[in-house]
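Listed here are the chains, written in short residue letters.
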Amino acid sequence: MKKEKIAMTRIYAEELLEDGVAKNPGPWREHSYAVALVAEKVAMAVNENQGKIILEPELAYIVGLLHDIGRQEGHTYLAHVYDGYHFLKNLGYDFAAKICLTHSFNLHTLDDYIGKIDITEAQVNELKELLAATEYDDYDRLIQLLDSTCSADGTKNLESRMNDVKARYGYYPQGKWNKNFELKAYFEKMAGRDLYEII
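These figures come from a predicted structure and were not determined experimentally. (Residues numbered from 1 in each chain as written. Predicted model: local features only at pLDDT ≥ 70, side-chain atom pairs only at ≥ 80, totals over all residues. Heavy atoms only, no water.)

Draft legend 1. Representation of the packing of aromatic side chains. Across all of its chains, the model carries seven aromatic pairs by this definition. With a centroid separation of 5.4 Å and 85 degrees between ring planes, the pair formed by phenylalanine 95 and tyrosine 139 is classed as edge-to-face. Here phenylalanine 95 is found in helix α6 (residues 94–102), whereas its partner tyrosine 139 is found in helix α8 (residues 138–147), with 44 residues between them in sequence. For the pair formed by phenylalanine 95 and tyrosine 139, the shared burial category is buried. Relative to tryptophan 177, the ring of tyrosine 172 has its centre 5.7 Å away and its plane inclined at 85 degrees; by these criteria the two rings are edge-to-face. The exposure class assigned to tyrosine 172 is buried, which follows from its relative accessible area of 10%. When its relative accessible area of 14% is taken as the criterion, tryptophan 177 is described as buried. (Phe/Tyr/Trp six-rings, centres within 6.5 Å; stacked < 30°, edge-to-face > 60°. Helix = DSSP H or I, 4+ residues; strand = E, 2+ residues; numbered from the N terminus. Buried < 20%, exposed > 50% of the residue type's maximum accessible area, 1.4 Å probe, protein only.)

Draft legend 2. Representation of the side chain of threonine 76 within the structure. Counting through the fold element by element, threonine 76 comes out in the loop between α4 (57–66) and α5 (78–90). When its relative accessible area of 14% is taken as the criterion, threonine 76 is described as buried.

Draft legend 3. Structural context of α5. For α5, built from 13 residues, the straight-helix expectation of 18 Å at 1.5 Å per residue is met to within 8% by its first-to-last C-alpha distance of 19 Å. In the core, the buried residues of α5 are packed alongside α2 (10–23), α4, α6 and α7 (121–132). Phi turns positive, to about 95 degrees, at glycine 92, one or two residues after α5. (Expected span 1.5 Å × (residues − 1). Contact = heavy atoms within 4.5 Å.)

Draft legend 4. Focus on the pattern of salt bridges. This model, assessed by the stated rule, comprises 15 salt bridges. Between lysine 98 and aspartate 137 there is a salt bridge, with the nearest N and O atoms lying 3.6 Å from each other. With lysine 98 in helix α6 and aspartate 137 in the loop between α7 and α8, this pair connects stretches of sequence that are 39 residues apart. Here lysine 98 matches aspartate 137 in class, with each residue buried. Where lysine 184 meets glutamate 188, a salt bridge forms, and the shortest distance between an N and an O atom there is 2.8 Å. Separated by four residues within a single helix, lysine 184 and glutamate 188 lie in helix α10 (residues 174–191), roughly one turn from each other. A cluster of three or more residues bridged by salt bridges with shared partners is formed by Arg10, Glu14, Glu40 and Glu58. (Salt bridge = Lys/Arg side-chain N within 4 Å of Asp/Glu carboxyl O.)

Draft legend 5. Examining α4 more closely. In terms of residue burial, α4 counts as a mostly covered element, since eight of its 10 residues are buried. Among the residues of α4, those classed as buried are Leu59, Ala60, Tyr61, Ile62, Val63, Gly64, Leu65 and Leu66.

Draft legend 6. Just the packing of helix α9 (residues 158–169) against α10, in detail. Their axes nearest at 11 Å, the elements α9 and α10 cross at an angle of 160 degrees. In terms of orientation, α9 lies roughly antiparallel with respect to α10. Pair α9 / α10 crosses with right-handed handedness. Residues Leu158, Glu159, Met162 and Asn163 of α9 form the contact with α10, whose participating residues are Trp177, Asn180, Phe181 and Lys184. By residue class, the composition of the contact of α9 with α10 is four nonpolar, two polar and two charged. (Axes fitted to C-alpha atoms, helices over the stretch in contact; angles between N-to-C directions. Parallel < 35°, antiparallel > 145°, perpendicular 65-115°, else oblique. Left-handed = near helix turned anticlockwise from the far one by under 90°. Nonpolar A, V, L, I, M, F, W, Y, C, P; charged D, E, K, R; others polar.)

Functional significance is not addressed by these values, which are geometric in nature.
This is the structure we're talking about:
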């Protein structure tokens, strides 16, 4: 599993992102880099505090960078999860594809998705089945947290980012909100430091 996880290089991941942004320019580029860079920092802080490799910083960067790659298909909502998963899966990068699948669902369910359901019922059911069969690890949890922390404008604050999403969509599920703070505390405990101090 380790070899499959790290099969993609950082440079290739950046090429994939830049190619995707060329197809559909937008602030998701800056957001993706912000998530990637912070994921790398958190991974290094966790390893330093634990005195061993818990998270591979390079891998954390790569999956952070590509979690929104489905946005290359245009301005979409749930479709970006579906498209990103299949895009990376078709390239043979199963682990990165898994992060595309899980990054929006910190409660392990599609029920709390914020945004439009812009895929077919069959595709929704496919995502539900894939998600149900997926076991989360610390890479899934880290990108879920940082996707909810890092804004495209450079802001890296969990509560302000969630409030921004709430303002744009009109709501933010309380369970999802609470889970993000739980994930923040989880990684702070692993790193022995405050998240904002790390980033």
